[in-house]
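Survey of secondary and tertiary structure
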Amino acid sequence: MTDPNAIRWEQSTDGVVTLTLDDPGQRANTMNDAFRASLAAAVERLTAEKDTITGVIVTSAKDSFLAGGDLRQLIRVTDSDAPRFSAQIEQVKGCLRTLETLGKPVVAALNGSALGGGLELALACHHRIALDTPNARFGLPEVTFGLLPGGGGVARTTRLLGVVDALTKVLLEGNRYPPAEAVRLGLVDELAATREELLDKARAWITAHPHSVQRWDAADYAIPGGAPGSPGLAATLPALPATLRKKLRGAPLPAPHHILAPPSRAPSWIWTAR
Amino acid sequence: MGSPAEAFVYDALRTPRGRGKNDGSLHTVKPISLVVGLLDEVGKRNPGFDPLRVDDVILGVVSPVGDQGANLARTTALAAGYESSGAGFQLNRFCGSGLEAVNIAAQKVRSGWEDLFLSGGVESLSRVPMGADGGPAMTDPETAYSTSFVPQGISADLIATVEGFSREDVDAFAVESQARAAKAATDGLFDRSLVAVRDVNGHIVLDRDEPVRQDTGPAALSALKPSFAGIGDQGGFDAVALQKYHWIERIDHVHTAGNSSAIADGAALTVVGSERAGRDLGLTPRARIVATATVAGEPTIMLTAPAPAARKALAKAGLAVGDIDLWEANEAFAAVVLKFLRDLDVPPERVNVNGGAIALGHPLGATGAMILGTLIDELERRGMRYGLATLCTGGGMGVATVVERL
């Protein structure tokens, strides 16, 4: 068994807790058993010590931020242990939602690529700052592996970018965006030139937003392009599956099909993060 | 002219009822998926069943908007893989919709013009809440003024006041409903009709009625506050009711969350067809639909039509109250069923023998088809012959169906 402590906890005198993803067993951080256990422990501690915390920075000690699902573990999932695997995902989603609703500003300091589960963790933060390096990529490439982003990526990108942009520019093709493009799209909020500036900017954002809440949890937040029930978007929605069918040419790919599920009219299913 | 074709119930299936709130187990399941699951199960349980023979899919949907909009019945048939069969339409007779769907199918079969139907209903109240479709009955003040509209809870309290049902009476009824439902669930009496709701991976989301509480005793119930006293007073509705029912002094608000039906999500489906359709497909008829009825009564007291609906159906069937072995009268509110028992003078131990909507939940459009399935299951289990299902509805209507077990 690997050392479960894949996330380091450091609290500075100003009360800001820095969570540093640093899996001792691997060259890059992945969402493996050790990571899940460490995330659960970190979130539990954040909750317990909330009164002494002024903000949270999530960053990584590796070259990349967090590579997402451990493909070696994922490929071993069979139908019979799918319920167990599903429960693991629910646990991660629960941790991310707790982090997101902690009541303190939570910033992702993305020192490198955040793909799949890595971006999902970043999306649960209130603000994303990325180190501007040529090799960094941001996106949800799950669909390119025949998967759908199961850690809140579908729910959060549709809220953040709007249903149409989230589906066509992130979810359905699994695009991997370099830092500047990720900022233009809205996946990342700002860039930093150095690691030092990255953490300085994260700290400055926390200082400037002491009462931050996740933007879609604010009562006056409007989804870009409208919620699925809004007339403008309702007119556009039918083109999404048609365009997907055109692109797939009838290939029987379940993942993109099921990624289309959330933009239904229901008020609470997609529009209340869970 | 020959005698009309008989209409038979070949199967009756339902989902469990989920708690109709955003923490309920079925909240994450789209209403269309609830019904598609039942359509799939009809094929699995009846090997000879052929979708190409289905003339129509009829679904009761009380709020056919949003997730339940745009003719959910045809869309469901398409989503289940039907293409050249399974036309579909939705109907709305408020809380009687699911039973109305069965009755319409039976009437079409008896007309001799069509042969096989999937009829039932669906409502996901956690996703499409009551009133989501608007409408002048409640939300056009000019109309609501002239029709003396009051919410159903006021009507239920009015029934209790006029009939003299006390808080203790309605609570005792609720305790008994809970006890019967809990025992029926424990004894597996719903198993024949119940179809577990599964996710896209085929894993179970819910396989039992969620609103069933095993520990709802009299003390817990009597502690609950009346649900409708506030709107009755501040909303002016008590005064509206008292202008019509001027011989009572005030409305006694006895109904609470504990003795009213529980908000729920769920779907139900029956296979209704002619003798020939069943023979061709190798289906065994479970019951014959003997008679159906619809009535309308005074809309302010609103919920007293089950007894007249039952009498009308019995008259059409040539049967007397004493001929009916088991009854299902939807537990919209405790006073509705207490009034029904008094009007028809039927023994309580023959009515809602496995509990009702107070304990199990009331997914509006689905409930009528659900209780008909429960009735047929129980007639079979007890080896009894005749059953009658009835529901009160908004606007003062009542729906009833008489079945004969085969």
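In every chain, residue numbers begin from 1 and rise along the written sequence. As a convention, the first chain written is A and the first ligand written is 1, with the rest following in written order. It should be noted that, the model being predicted, local features are given only for residues of pLDDT at least 70 and side-chain atom pairs only at 80 or more, the latter also being counted only at that level, while totals for whole chains, interfaces and linings use all residues. To get the side-chain values, all heavy atoms of the structure are used, and hydrogens and water are removed first.

This brings us to the overall build of chain A. Here a helix means four or more residues in a row that DSSP labels H or I, a strand means two or more in a row labelled E, and each is numbered from the N terminus. Helices and strands together make up the secondary structure of chain A, namely eleven helices and eight strands. Referenced to the eigenvectors of the C-alpha coordinate spread, the extents of chain A come out at roughly 55 × 45 × 35 Å. Burial classes follow relative accessibility: with a 1.4 Å probe on protein chains only, a residue under 20% of its type's maximum area counts as buried, one over 50% as exposed, and anything between as partly exposed. Sorting the 274 residues of chain A into buried and exposed places 49% on the buried side. Should any heavy atoms of two residues lie within 4.5 Å, those residues are considered in contact. Pairs at least 24 residues apart make up 75% of the contacts formed inside chain A by residues separated by at least 6 positions. Positive charges come from Lys and Arg, negative ones from Asp and Glu, while His and the chain ends are left out of the count. Each charge is placed at NZ for Lys, CZ for Arg, CG for Asp and CD for Glu. When the 29 positive and 28 negative side-chain charges of chain A are each reduced to one mean point, those points stand 7 Å apart.

Right, let's talk about the overall build of chain B for a bit. When its secondary structure is counted, chain B shows 15 helices and twelve strands. Relative to the 2.2 N^0.38 estimate, which gives 22 Å for 406 residues, the radius of gyration of chain B is 20 Å and therefore close to what a compact globule would have. Seen through its C-alpha atoms, chain B measures out along the principal axes to roughly 60 × 50 × 45 Å. Put simply, chain B has 406 residues, and 58% of those count as buried. The Shrake-Rupley method, run with a 1.4 Å probe sphere, supplies the accessible areas, and residue values consider only the shown protein chains as cover. Carbon and sulfur atoms provide 52% of the accessible area of chain B, an area that totals close to 15500 Å². Every radius of gyration here is taken over C-alpha atoms, with the globule rule written as 2.2 Å times N^0.38, N being the number of residues.

What follows concerns the UniProt feature "domain: Thiolase C-terminal" (unreviewed entry) in chain B. In the numbering used here, UniProt assigns the feature "domain: Thiolase C-terminal" (unreviewed entry) to residues 284-405 of chain B. Here residues 284-405 of chain B is 38% helix and 25% strand, with 12 Å between the C-alpha atoms at its ends. UniProt positions are given in the numbering used here, feature names are shortened, and annotations may be inferred rather than shown by experiment.

Residue and element names in this part refer to chain B. Under the present numbering, the feature "active site" (unreviewed entry) in UniProt falls on Cys95, His362 and Cys392. Sequence-wise these annotated residues cover 298 residues; spatially they are packed, their C-alpha atoms never more than 12.2 Å apart. By relative accessible area, which is 4% here, His362 ends up buried. Ignoring anything within four residues of it in the chain, the contact list for His362 reads Cys95, Leu125, Ser261, Ala262, Ala264, Asn330, Ala357 and Thr367.

Throughout, nonpolar core names a set of buried Ala, Val, Leu, Ile, Met, Phe, Trp, Tyr and Cys residues whose side chains join them through atoms within 4.5 Å. Judged by nonpolar contacts, the single largest core of 58 residues is most densely connected at Leu19, Leu46, Val58, Phe65, Leu110, Leu121 and Leu187 of chain A. Of all hydrophobic cores here, the second largest spans 52 residues; its members include Val150, Val170, Ile301 and Cys392 of chain B.

All names here are of chain A. Two strands make a pair as long as DSSP finds a minimum of two bridges between them. Strand order in the open sheet formed by six strands is β1-β2-β3-β4-β6-β8, and the pairing between neighbours is mixed. Each of the sheet's edge strands pairs with one partner strand only, and the pair in question is β1 (7-11) and β8 (190-192). Averaged over all adjacent pairs, the angle separating strand axes in this sheet is 20°, with direction ignored. Where strand β3 (residues 55-60) meets strand β4 (residues 106-110), three bridges bridge the pair, whose relative direction is parallel. Along β4, the bridge assignment pairs Val58 with Ala108. For helices, the axis comes from a line fit to the C-alpha atoms of the stretch in contact; other axes are also lines fit to C-alpha atoms, and the angle between any two N-to-C directions lies between 0 and 180 degrees. Each of β1, β2 (16-21) and β3 touches helix α1 (residues 33-48); the most contacted strand, β1, lies at about 25° to it.

Let us now look at the packing of α1 of chain A against helix α3 (residues 82-100) of chain A. All names here are of chain A. Following both chains from N to C, one finds α1 and α3 inclined at 35°, their axes separated by 10 Å at the closest point. Here α1 runs over α3; the crossing is left-handed. On α3, the residues touching Asp33, Arg36, Leu39, Ala40, Val43, Leu46 and Thr47 of α1 are Gln88, Gln91, Val92, Cys95, Leu96, Thr98 and Leu99. Polarity classes work like this: nonpolar for Ala, Val, Leu, Ile, Met, Phe, Trp, Tyr, Cys and Pro, charged for Asp, Glu, Lys and Arg, and polar for all others, with Gly in that last group. A breakdown of the residues in the contact of α1 with α3 according to their chemical character gives eight nonpolar, four polar and two charged. By the definition used in this description, the sense in which the near helix is turned from the far one sets the handedness, with an anticlockwise turn below a right angle giving left-handed and a clockwise turn giving right-handed.

Here the focus is the pairing of β4 of chain A. All names here are of chain A. Judged by how many residues are buried, β4 sits mostly within the fold: five of five residues are covered. Alternating residues of β4 divide into Val106, Ala108 and Leu110 and Val107 and Ala109, and every residue in both groups is buried. Pairing geometry for β4 and strand β6 (residues 127-131), over four bridges, is parallel. Across the sheet, Val107 pairs through a bridge with His127, a residue of β6.

Next up on the list: the pairing of strand β9 (residues 287-296) of chain B. Residues and elements named next belong to chain B. In terms of burial, β9 is largely enclosed, as eight of its ten residues are buried. Taken together, the two bridges between strand β1 (residues 8-14) and β9 define a ladder with antiparallel strand orientation. By the bridge assignment, Phe8 is partnered in β9 with Arg288. Looking at chain direction, β9 and strand β12 (residues 397-405) are connected through nine bridges and run antiparallel. Bridging from a neighbouring strand, Arg288 pairs with Glu404 of β12.

A few words on the packing of aromatic side chains. Residues and elements named next belong to chain B. Classification of ring pairs rests on two measures: the distance between centres of Phe, Tyr or Trp rings, Trp counted by its six-membered ring, which must be within 6.5 Å, and the angle between planes, read as stacked under 30 degrees, edge-to-face over 60 and tilted in between. Taken as a whole and assessed by the stated rule, the structure comprises five aromatic pairs over all chains. Seen in terms of ring centroids, Tyr245 and Trp247 are 5.3 Å apart; in terms of plane orientation they differ by 55°. Their pairing is tilted. Looking at Tyr245, the relative accessible area reads 9%, which means it is buried. Sitting above the plane of the Phe190 ring, Arg14 keeps its charged end 5.1 Å from the centroid. Distance and angle both matter: a charge sits over a ring if NZ of Lys or CZ of Arg is within 6 Å of the ring centre and within 35 degrees of the ring normal.

This part is about helix α2 (residues 72-79) of chain B. Residue and element names in this part refer to chain B. Leu72, Ala73, Thr76 and Ala77 are the residues of α2 that are buried. All buried residues of α2 lie within an arc of 135° about the axis, which places them on one face of the element. Where α2 is buried, its residues contact α1 (31-45), β3 (56-60), β4 (87-91) and β5 (116-124). Where α2 ends, the next residue or the one after it, Gly81, has phi of about 100°, a positive value. Taken from the helix axis, the directions to the C-beta atoms give the arc we talk about.

As for its position among the elements, Gly112 of chain B is in the loop between α3 (97-111) and β5. You can call Gly112 of chain B partly exposed: its relative accessible area is 48%.

Residues and elements named next belong to chain A. Just to be clear on terms, a salt bridge is a Lys or Arg side-chain nitrogen sitting within 4 Å of an Asp or Glu carboxyl oxygen. The full count for this structure, using the stated rule, is 43 salt bridges over all chains. Between Arg36 and Asp33 there is a salt bridge; the shortest N-O distance is 2.2 Å. Here Arg36 pairs with Asp33, and both are found in helix α1, just three residues apart, close to one helical turn. Using a relative accessible area of 10% as the deciding quantity, one classes Arg36 as buried. Asp33 gets classed as partly exposed once you look at its relative accessible area, which sits at 41%.

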